[in-house]
Amino acid sequence: MTDTAATVRPERRAELAAGLARVRARIADACAAAGRDRSEVTLVAVTKTYPAGDVVALAGLGVTDVGENRDQEAAPKAAEVAAAGVSPRWHFIGQLQRNKCRSVARYADVVQSVDSVRLAAALDAAAAAAGRDRPLDVLVQVSIDGDPARGGALPDSADPDRGLGPVAEAVAGAGALRLGGLMAVAPLGWEPDRAFTRLAEVAQRFRVRHPEATALSAGMSGDLETAIGYGATHIRVGSALLGMRPTLR
Ligand SMILES: *Cc1c(COP(=O)(O)O)cnc(C)c1O
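All of these numbers come straight from a predicted model, not from anything done at the bench.

The secondary structure content of the protein chain amounts to nine helices and eight strands. Taken over C-alpha atoms, the radius of gyration comes to 18 Å for the protein chain, in line with the 18 Å a tight globule of 249 residues would show. Counting only contacts in the protein chain whose residues sit at least 6 apart along the sequence, the fraction spanning at least 24 positions is 64%. Charged side chains of the protein chain number 30 positive and 29 negative; the gap between the two group centres comes to 3 Å.

By nearness alone, every residue bordering the ligand is listed as Val46, Lys48, Ile93, Met220, Ser221, Arg236, Val237, Gly238, Ser239 and Arg245. Contacts to the ligand include Ser221, whose side-chain N or O atom sits 2.5 Å from an oxygen atom. Within the contact set of the ligand, an oxygen atom lies 2.8 Å away from a backbone nitrogen or oxygen of Gly238. For the ligand, whose unbound accessible area comes to 390 Å², protein coverage reaches 88%. Here the residues of the shell around the ligand sort into four nonpolar, three polar and three charged.

Core analysis: the largest hydrophobic core is formed by 72 residues, its most contacted members being Ile27, Val111, Leu123, Leu182 and Ile235. With six residues, the next largest nonpolar core counts Ile93, Leu139, Met183 and Ala215 among its residues.

Here the focus is the pairing of strand β4 (residues 110–114). Summarising burial for β4: five of the five residues are buried, a large majority. Both strand β3 (residues 89–92) and β4 contribute to a ladder of two bridges, which runs parallel. From the neighbouring strand, Phe92 faces β4, where its bridge partner is Val111. Considered for its hand, the β-α-β crossover made up of β3, helix α4 (residues 101–107) and β4 is right-handed.

What follows deals with helix α2 (residues 52–60). Of all nine residues in α2, seven are buried, a share of seventy percent or more. Taken as a whole, α2 has its buried residues at Ala52, Gly53, Asp54, Val55, Val56, Ala57 and Leu58. Once α2 ends, the next one or two residues include Gly62, with phi positive near 105°.

The phi angle at Thr49 is positive, at roughly 75°, despite the residue not being glycine. In this structure, Thr49 sits in the loop between β1 (42–46) and α2. Judged by its relative accessible area of 27%, Thr49 falls in the partly exposed class.

Let's shift gears to the side chain of Asp71. As for its placement among the helices and strands, Asp71 is situated in helix α3 (residues 71–83). Despite being buried, Asp71 has no salt bridge partner; Lys100 is the closest side chain of opposite charge, sitting 4.7 Å away. Reaching out from Asp71, the side chain makes a polar contact with the side chain of Ser103 at a distance of 2.8 Å. Filtering out sequence-adjacent residues up to four positions away, Asp71 remains in contact with Pro76, Phe92, Lys100, Ser103, Val104 and Tyr107.

This part takes up the pattern of salt bridges. A pair can form between side chains of opposite charge whenever their charged atoms are brought close. Applying the stated criterion to the full structure yields 17 salt bridges. A salt bridge links Lys77 to Glu73; its shortest N-O distance comes to 2.8 Å. Residue Lys77 and its partner Glu73 are located together in helix α3, separated by four residues, close to a single helical turn. The same class applies to Lys77 and to Glu73, which are both buried.

Conventions we followed
- Residues numbered from 1 in each chain as written.
- Predicted model: local features only at pLDDT ≥ 70, side-chain atom pairs only at ≥ 80, totals over all residues.
- Heavy atoms only, no water.
- Helix = DSSP H or I, 4+ residues; strand = E, 2+ residues; numbered from the N terminus.
- Rg over C-alpha atoms; globule rule 2.2 N^0.38 Å.
- Contact = heavy atoms within 4.5 Å.
- Lys, Arg positive; Asp, Glu negative; His and termini not counted.
- Charge placed at Lys NZ, Arg CZ, Asp CG, Glu CD.
- Near = heavy atom within 4 Å.
- Polar contact = N/O pair within 3.5 Å; in protein donor to acceptor, adjacent residues only side chain to side chain.
- Areas by Shrake-Rupley, 256 points an atom, 1.4 Å probe, with all protein chains shown as cover.
- Nonpolar A, V, L, I, M, F, W, Y, C, P; charged D, E, K, R; others polar.
- Core = buried A, V, L, I, M, F, W, Y, C linked by side-chain atoms within 4.5 Å.
- Buried < 20%, exposed > 50% of the residue type's maximum accessible area, 1.4 Å probe, protein only.
- Pairing = 2+ DSSP bridges.
- Right-handed = clockwise from strand over helix to strand, strands pointing away.
- Salt bridge = Lys/Arg side-chain N within 4 Å of Asp/Glu carboxyl O.

Right, here's the structure in full:
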């Protein structure tokens, strides 16, 4: 690590270390309860609203994967972290507008929020133009409640732009993208058990058609144990790790 502005005070480092120890213990307990190997679950630290120094500190504590949901915030943060000589895997997990694809394709290693054929095409073009040395990993975000007004491809829909089948085929057939699996957020007001049972069913059917796309990103600070019980391979944890964010987003 080189000396830059992206550093934290010792008190903050201790706070992050304590948060990380608590989250790691929860993951280990949930894996044990589910009879799963701990190595099957990747922690993605969701650092939105927190500064680059926190990312650098978390990387120093062994965190390998970080998540961001807004390009305006993530692009400069990724540059600052890179300038500090640290290179975590960056996961873009937020709603993505097509005009932001070019920027995201420059720093993201994984985009977890592709939910339309049009977005897949824009991201493919952006990833090709970015001159990356390997394809951009993509998870298709699925809607658990099937509400077309919110994010996520629709599992039981033949819609040519928003249906899960067409979106997955578009990603799988894109030269600069690699289909890695699925991502979902439990809908507000749904019990985690109900949400992740439904997601596991969708994932099982999806893997018949795409057996290599085994990633399942599900579970956040409040419901990571349930998600691990239903097969999550990636959990996205923000507040339990870094503290409560000042604004809800
Ligand atoms: C903010 C966010 C998270 C993390 O939420 P916490 O409850 O803070 O753990 C996970 N996934 C997505 C898509 C998010 O936007």
